[in-house]
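# Residue-level structural notes
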Amino acid sequence: MDNTVLLHHAPMSRSNIVLWMLEEMGIPYRLNLMSLQRQDQKKPAYLAINPMGKVPALEHKGVVVTEAAAICAYLADAFPEASMAPRADDPLRGPYYRWMFFAPSSLEPAAFDRMTGRGAPDPSAAGYGTYDLAVETAATAIARTPFVLGDRFSTADVILGSHIIWGMMVKALPERPEFTAYAERLRARPAWQRAMAKNQELYAELHPTG
Ligand SMILES: N[C@@H](CCC(=O)N[C@@H](CS)C(=O)NCC(=O)O)C(=O)O
């Protein structure tokens, strides 16, 4: 069976996270280039793949995976030779899952609510508690170590790091020293730079007039 992965990708969107992941892994992949401006994500052919009409979506060996974090977790396990995750019997698998889930399920909603001025929900009912608590938790996770699991770079950094970089870019997260130092370490990675260069190139190809 063909082992190549196909990423449905719109440059400058959440599918950047998966493009960075693929570049970190160094595995062959194909892209189905999509324009959100052109509403490619709402066309019937794509809705048959992801009925939410959102990117990213990944196809591999006859299955579809959506949700950027789930796609990256899937890829890390499907290609263990890329060493992007602690093994299932390694205790570090616990913190690995913790930060993989914290980023999209707590940090992103906290940042998004703040950015859109939606007002603070009841902290005991909101999954992220308060904005300050979510920010403090993320900052503490990356304060002392180069990466969220210590010396070892993993998929958890792709996920948490992407949210932190995005959050600071759109001013939904503060430029705390822990965040800026972590973002700098991640942006220095050759795979991050390759993915971003590719994104800019693809964006220009799709939207020649900007
Ligand atoms: N929870 C999804 C969110 C995906 C998402 O919202 N993607 C946006 C781009 S950043 C999108 O496709 N928007 C186009 C639309 O909804 O029409 C994930 O993490 O993958």
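Residues numbered from 1 in each chain as written. Predicted model: local features only at pLDDT ≥ 70, side-chain atom pairs only at ≥ 80, totals over all residues.

### A short note on the nonpolar core
Going by this rule: A set of buried residues qualifies as a nonpolar core if it consists of Ala, Val, Leu, Ile, Met, Phe, Trp, Tyr and Cys joined through C-beta atoms within 7 Å. Counting other C-beta atoms within 10 Å of a residue's C-beta gives its exposure: the residue is buried at 20 or more, exposed at 12 or fewer, and partly exposed in between, where C-beta atoms are placed from the backbone. For helices the rule is a DSSP run of H or I covering at least 4 residues; for strands it is a run of E covering at least 2, with both sets numbered from the N terminus onward. All the domain ranges listed were derived from an automatic or database domain assignment.
In terms of nonpolar packing, the biggest core is built from 55 residues, with Val18, Met21, Cys72, Trp99 and Ile159 touching the most fellow members. Counting residues per element, this core draws most heavily on helix α4 (residues 93-115), which supplies eight residues. If you count residues domain by domain, this core takes at least three from each of domain 1 (5-84 + 191-206) and domain 2 (93-189).

### Some details on the site of the ligand
Here is the rule: Only the C-beta atom, placed from the backbone, is used; a residue is near a molecule or strand if that atom lies within 6 Å of it. In the scheme used here, Gly and all other residues not listed as nonpolar or charged are polar, with Ala, Val, Leu, Ile, Met, Phe, Trp, Tyr, Cys and Pro taken as nonpolar and Asp, Glu, Lys and Arg as charged.
Taken together, Ser13, Arg14, Leu36, Gln41, Gly53, Lys54, Val55, Pro56, Glu67, Ala68 and Pro104 make up all the residues around the ligand. When its residues are assigned to classes, the shell around the ligand shows five nonpolar, three polar and three charged.

### Structural notes on the sheet that holds strand β4 (residues 63-66)
We count it as follows: Criterion used throughout: strands pair if DSSP finds at least two bridges between them. Only the stretch in contact is used when a helix axis is fitted, and all axes are lines through C-alpha atoms; the angle between N-to-C directions ranges over 0 to 180 degrees. With C-beta atoms placed from the backbone, a contact is any residue pair whose C-beta atoms sit within 7 Å.
Spatially, β2-β1-β3-β4 is the arrangement adopted by the four strands of the open sheet, whose pairing is mixed. With one partner strand each, in any of the chains shown, β2 (29-33) and β4 form the two edges of the open sheet. Averaged over all neighbouring strand pairs, the angle between strand axes comes to 25°, with direction disregarded. Both strand β1 (residues 5-9) and strand β3 (residues 57-60) contribute to a ladder of three bridges, which runs antiparallel. Paired with Leu7 across the bridge in β3 is Leu58. Helix α1 (residues 15-25) rests against β1, β2 and β3 of the sheet, and its axis sits at about 150° to β1. Helix α3 (residues 68-78) contacts β3 and β4 of the sheet and is inclined by roughly 130° relative to β4.

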